[in-house]
Amino acid sequence: MKAQALIFLGAPGAGKGTQAREVAKEFALPQISTGDILREAVKKGTALGLAAKAKMEAGQLVPDEVVCGIVEERVAEPDCRAGFILDGFPRTIPQAEFVDKMLEAKGRGRPLVINIQVEHDVLMKRLTGRRTCSVCGEIYNVYFNPPRKQGVCDKDGGKLLERADDNAETIRQRLVAYQNQTSPLIDYYRRKNLLHDVDGNREPEVIATELIGFLKGA
Ligand code: AMP
């Protein structure tokens, strides 16, 4: 894979986190999820967490300058030297312009953008059924990929939690934010010839195998 920056684009529930995790493992690159960083900050009650909490609970986007600051700091870490995976960032045109400038300033070339497309009904089941291990972060789904024992992680026995923003009203708001603010990025990157579409309606393992095969030749 030639690109140093890989971007995962897709609606909430498209499987960005799941696929980014597999690709990160395969290519030994850090996975930078702005959602995970923000959730961690909320949990710890830091200034960042306090600033982001209300927006996240309402299913709205956190201001661009906040998330751009997070990413700028994170990609300056030594583990990002060979490249990195952005999961859930950028989500607005100004954030995408920020990424362009950042990559250019650091001589990292152009990003490769993986656009995961999923039908609305599948998205809803993915979001309402999602459970995450409180210990290792493994993602399950009560409809599609249930753990062997209800509420418990197969790998480490950690408790499985539902995300605070995976409730019906917040999900609706998150999908609206995606439609209005994030989906214009599809055209933004397609016009630059940087977009690779993926059919995200299939089993996660099938998607990951195909995607990793594509990236090896990209
Ligand atoms: P995620 O885990 O990617 O679904 O993100 C969860 C929530 O974090 C979103 O609904 C937003 O409130 C916030 N968030 C994550 N990434 C961004 C971003 N790039 N820009 C603005 N808000 C974000």
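Position numbers for residues start from 1 in each chain and track the written sequence from start to end. Only residues with pLDDT of 70 or above have their local features reported here, since the model is predicted, and side-chain atom pairs are shown and tallied only from 80 upward, although totals for entire chains, interfaces and linings are computed over all residues. Just so you know, side-chain values use all the structure's heavy atoms and leave hydrogens and water out.

Buried Ala, Val, Leu, Ile, Met, Phe, Trp, Tyr and Cys residues form a nonpolar core when they are joined through side-chain atoms within 4.5 Å. The rule is simple: take the accessible area with a 1.4 Å probe, protein chains only, and divide by the maximum for that residue type; under 20% is buried, over 50% is exposed, in between is partly exposed. Within the largest apolar cluster, 53 residues are counted, with the highest numbers of intra-cluster contacts made by Phe-8, Phe-84, Ile-114 and Tyr-189. By definition in these notes, contact holds between two residues if any of their heavy atoms fall within 4.5 Å. Once residues within four sequence positions are removed from consideration, Tyr-189 is found in contact with Ile-7, Leu-9, Pro-90, Ala-96, Pro-111, Val-113, Leu-194 and Leu-195.

Turning next to the sheet that holds strand S6 (residues 139–141). Strand pairing is assigned whenever DSSP identifies at least 2 bridges connecting the two strands. Only runs of H or I of at least four residues qualify as helices and only runs of E of at least two qualify as strands under DSSP, and these elements are numbered from the N terminus. With respect to topology, 3 strands assemble into an open sheet ordered S6-S5-S7, the strand pairing being antiparallel. The outermost strands of the open sheet, each flanked by one partner alone, are S6 and strand S7 (160–161). Alignment of strand S5 (residues 130–133) against S7, held across 2 bridges, turns out to be antiparallel. For Thr-132, the partnering residue across the bridge sits in S7 and is Leu-161.

In this analysis, axes come from line fits to C-alpha atoms, helices being fitted only over the stretch in contact, and the angle between any two N-to-C directions falls in the range 0 to 180 degrees. Where helix H6 (residues 120–129) contacts helix H7 (residues 168–182), the axes come no closer than 11 Å and their chain directions differ by 130 degrees. Overall, the two elements H6 and H7 adopt an arrangement that is oblique. Crossing of H6 over H7 shows right-handed handedness. Every residue of H7 that contacts H6 at His-120, Leu-123, Met-124, Leu-127 and Thr-128 is listed here: Ile-171, Arg-174 and Leu-175. Here the contact of H6 with H7 is composed, by residue class, of 5 nonpolar, 2 polar and 1 charged. Oblique is the label for any angle not under 35 degrees, not over 145, and not in the 65 to 115 range, which are roughly parallel, roughly antiparallel and roughly perpendicular in turn. Take the far helix as the reference: if the near one is turned anticlockwise from it by less than a right angle, the crossing is left-handed, and if turned clockwise, right-handed. Each residue is assigned to one class: nonpolar for Ala, Val, Leu, Ile, Met, Phe, Trp, Tyr, Cys and Pro, charged for Asp, Glu, Lys and Arg, and polar for all the others, Gly among them.

Our focus in this paragraph is the pairing of strand S4 (residues 112–117). By the criterion of burial, S4 is predominantly enclosed, with 5 of the 6 residues buried. Relative to S4, strand S1 (residues 5–10) runs parallel, the two sharing 5 bridges. Residue Leu-6 lies in a different strand from S4, and its bridge partner there is Leu-112. Note: S4 against strand S8 (residues 195–199), 5 bridges, orientation parallel. Directly across from Val-113, in S8, lies its bridge partner Leu-195.

Read from one edge to the other, the open sheet built from 5 strands follows the order S2-S3-S1-S4-S8, with strand pairing classed as parallel. For this open sheet the edge positions go to strand S2 (31–33) and S8, each flanked by a neighbour on one side alone. Within this sheet the neighbouring strands show an average axis-to-axis angle of 25 degrees, counted without direction. Sheet analysis places S1 next to strand S3 (residues 84–87), joined by 4 bridges and oriented parallel.

This paragraph deals with the site of the ligand. Residues are classed as near a molecule or strand on a simple rule: at least one heavy atom within 4 Å of it. The local shell around the ligand holds 16 residues, among which Thr-34, Arg-39, Gln-60, Arg-91 and Gln-95 are the closest. N or O atoms within 3.5 Å of each other form a polar contact, as long as, within protein, one can give a hydrogen and the other can take it, and as long as residues adjacent in sequence are counted only when both atoms are side-chain atoms. Measuring from an oxygen atom of the ligand, one finds a backbone N or O atom of Gln-60 at 2.6 Å. In the environment of the ligand, a nitrogen atom lies 3.0 Å from a nitrogen or oxygen atom belonging to the backbone of Gly-88. Only the protein chains shown count as cover for residues, and all accessible areas are computed by the Shrake-Rupley method using a 1.4 Å probe. Protein coverage of the free-state accessible area of the ligand, which is 480 Å², stands at 96%. When residues in the shell around the ligand are grouped by element, the largest group, 4 residues, is from helix H2 (residues 34–44). Of the residues contributing to the shell around the ligand, the split by class is 6 nonpolar, 5 polar and 5 charged.

Next up on the list: the environment of Ile-70. Among the structural elements, Ile-70 can be located in helix H4 (residues 64–75). Residues Ile-70 and Val-99 lie 29 residues apart in sequence; the distance between their C-alpha atoms is 12 Å.

Before going further, it helps to spend a moment on a nonpolar patch on the surface. Note on patches: the residues involved have over 30% relative accessible area and no salt bridge, like charges join within 9 Å, and the nonpolar side chains Val, Leu, Ile, Met, Phe, Trp and Tyr join within 5 Å. By convention in these notes, a salt bridge is any Lys or Arg side-chain nitrogen within 4 Å of a carboxyl oxygen on Asp or Glu. Residues Val-142, Tyr-143 and Phe-144 make up a contiguous nonpolar surface patch of roughly 300 Å² in combined accessible area. Mapped onto the elements, Tyr-143 comes out in the loop between S6 and S7.

Attention now goes to the pattern of salt bridges. A complete count under the given rule lists 20 salt bridges for this structure. A salt bridge links Arg-21 to Glu-138, with the nearest nitrogen and oxygen atoms 3.5 Å apart. Linking Arg-21 in helix H1 (residues 16–27) with Glu-138 in the loop between S5 and S6, this pair joins segments that are 117 residues apart in sequence. The residue Lys-192 makes a salt bridge to Asp-100 at a minimum N-O spacing of 3.4 Å. With Lys-192 in the loop between helix H8 (184–191) and S8 and Asp-100 in helix H5 (residues 93–105), this pair connects stretches of sequence that are 92 residues apart.

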